[in-house]
Amino acid sequence: MWPENGPWSCAPSLFACHIMRLLVAAVGRLKQGPERELAASYAKRVSASGKPLGWRPIEAIEIRESRAQDAERRRTEESIALANVIPDGAIVVVLDQRGDSLDSPALSALLRQWRAEDRAAVCFIIGGADGLAPSLIERARVRLAFGAATWPHQLVRIMLLEQLYRAGTILAGHPYHRV
């Protein structure tokens, strides 16, 4: 059951309380193996830790990589496919190496804020090897970077899932996150 008091509580008589969706939309598939297993493990943890916080189980959406010959065309096709899975009214967060490097408490604070605002969904977008179209980047409320290094997209997905799990534990007061 959801907590009746606290930062995530809702007064049903005053307004409708929604469970916030968390989506990770990524270009490419995680192949069978340790990366897929680790991603599944963190997704399961996010879903379990997020339930008392008013988060729905995390959703992963994999977009097929474009087969276009030209990099610009691939970027455009993949960005259109990603844009098509973003729920109406969702907060959009793009993973972009030129974005902001937020620490874990800052990311958890954003999730807390969006949940307190009764946002229906937060959609995290991970582009393909050619990046994202400028029009999709412009839709983002947050451009999130995991440092200046270039990371394989499979690892970015795992790191994002771990950070979402960590954010949930921070918000729940669980000792997983230590400074």
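This section reports on the structure supplied with the text. (Residues numbered from 1 in each chain as written. Predicted model: local features only at pLDDT ≥ 70, side-chain atom pairs only at ≥ 80, totals over all residues. Heavy atoms only, no water.)

Describing the overall build of the chain
Per the secondary structure count, the chain includes five helices and five strands. Counting from the amino terminus, the chain carries its helices and strands in the arrangement β-α-β-α-β-α-β-α-β-α. Burial statistics for the chain: of 179 residues in total, 42% are counted as buried. Within the structure as shown, the chain displays about 9,900 Å² of accessible surface, and the carbon and sulfur contribution to it stands at 52%. (Helix = DSSP H or I, 4+ residues; strand = E, 2+ residues; numbered from the N terminus. Buried < 20%, exposed > 50% of the residue type's maximum accessible area, 1.4 Å probe, protein only. Areas by Shrake-Rupley, 256 points an atom, 1.4 Å probe, with all protein chains shown as cover.)

Here's the deal with the nonpolar core
With 31 residues, the main nonpolar core has Leu-22, Leu-111 and Phe-124 as its most contacted residues. At the level of secondary structure, the elements contributing two or more residues to this core comprise strand E1 (21-27), helix H1 (34-50), strand E3 (91-100), helix H3 (104-116), strand E4 (121-126), strand E5 (142-144) and helix H5 (153-172). The biggest single contributor to this core is H5, with eight residues. Sequence-distant contacts of Leu-22, that is, excluding residues within four places in its chain, are made with Val-46, Trp-55, Pro-57, Ile-58, Glu-59, Leu-111, Val-122 and Phe-124. (Core = buried A, V, L, I, M, F, W, Y, C linked by side-chain atoms within 4.5 Å. Contact = heavy atoms within 4.5 Å.)

Some points on the packing of aromatic side chains
In this structure the tally under the stated criterion is two aromatic pairs. Pairwise contacts between aromatic rings join Tyr-42, Tyr-165 and Tyr-176 into one cluster. (Phe/Tyr/Trp six-rings, centres within 6.5 Å; stacked < 30°, edge-to-face > 60°.)

Brief notes about the sheet that holds strand E2 (residues 59-63)
With parallel pairing, five strands are arranged side by side in an open sheet as E2-E1-E4-E3-E5. Each of the sheet's edge strands pairs with one partner strand only, and the pair in question is E2 and E5. Across the sheet, the mean angle from the axis of one strand to that of its neighbour is 30°, orientation sign disregarded. Alignment of E3 against E5, held across four bridges, turns out to be parallel. Within the sheet, the bridge partner assigned to Asp-100 lies in E5 and is Leu-144. (Pairing = 2+ DSSP bridges. Axes fitted to C-alpha atoms, helices over the stretch in contact; angles between N-to-C directions.)

Let's talk about unusual backbone geometry
A positive phi angle, close to 60°, is found at Asp-118, a residue other than glycine. Within the secondary structure layout, Asp-118 lies in the loop between H3 and E4.

Things to note about the pairing of E3
Successive residues of a regular strand alternate their side chains across the two faces of the sheet. Most of E3 sits out of view: seven of its 10 residues are buried. For E3 and E4, the ladder comprises four bridges, and the chain directions are parallel. The residue of E4 that forms the bridge with Val-94 is Ile-125. A crossover links E3 with its parallel partner E4, the connecting element being H3, and its sense is right-handed. (Right-handed = clockwise from strand over helix to strand, strands pointing away.)

Considerations on H3
With 13 residues, H3 should reach 18 Å at 1.5 Å per residue; the first-to-last C-alpha distance of 18 Å fits that figure. Taken as a whole, H3 has its buried residues at Ser-104, Leu-107, Ser-108, Leu-111, Trp-114 and Arg-115. End-on, the buried residues of H3 take up no more than an arc of 125°, which puts them together on one face. On the buried face of H3, the contacting elements are E1, E3, E4, E5 and H5. With a side-chain oxygen positioned 2.9 Å from the backbone nitrogen of Ala-106, the residue opening H3 is Asp-103. Directly beyond the C-terminal end of H3, a positive phi value near 60° is found at Asp-118. (Expected span 1.5 Å × (residues − 1). Arc of directions from axis to C-beta. Polar contact = N/O pair within 3.5 Å; in protein donor to acceptor, adjacent residues only side chain to side chain.)

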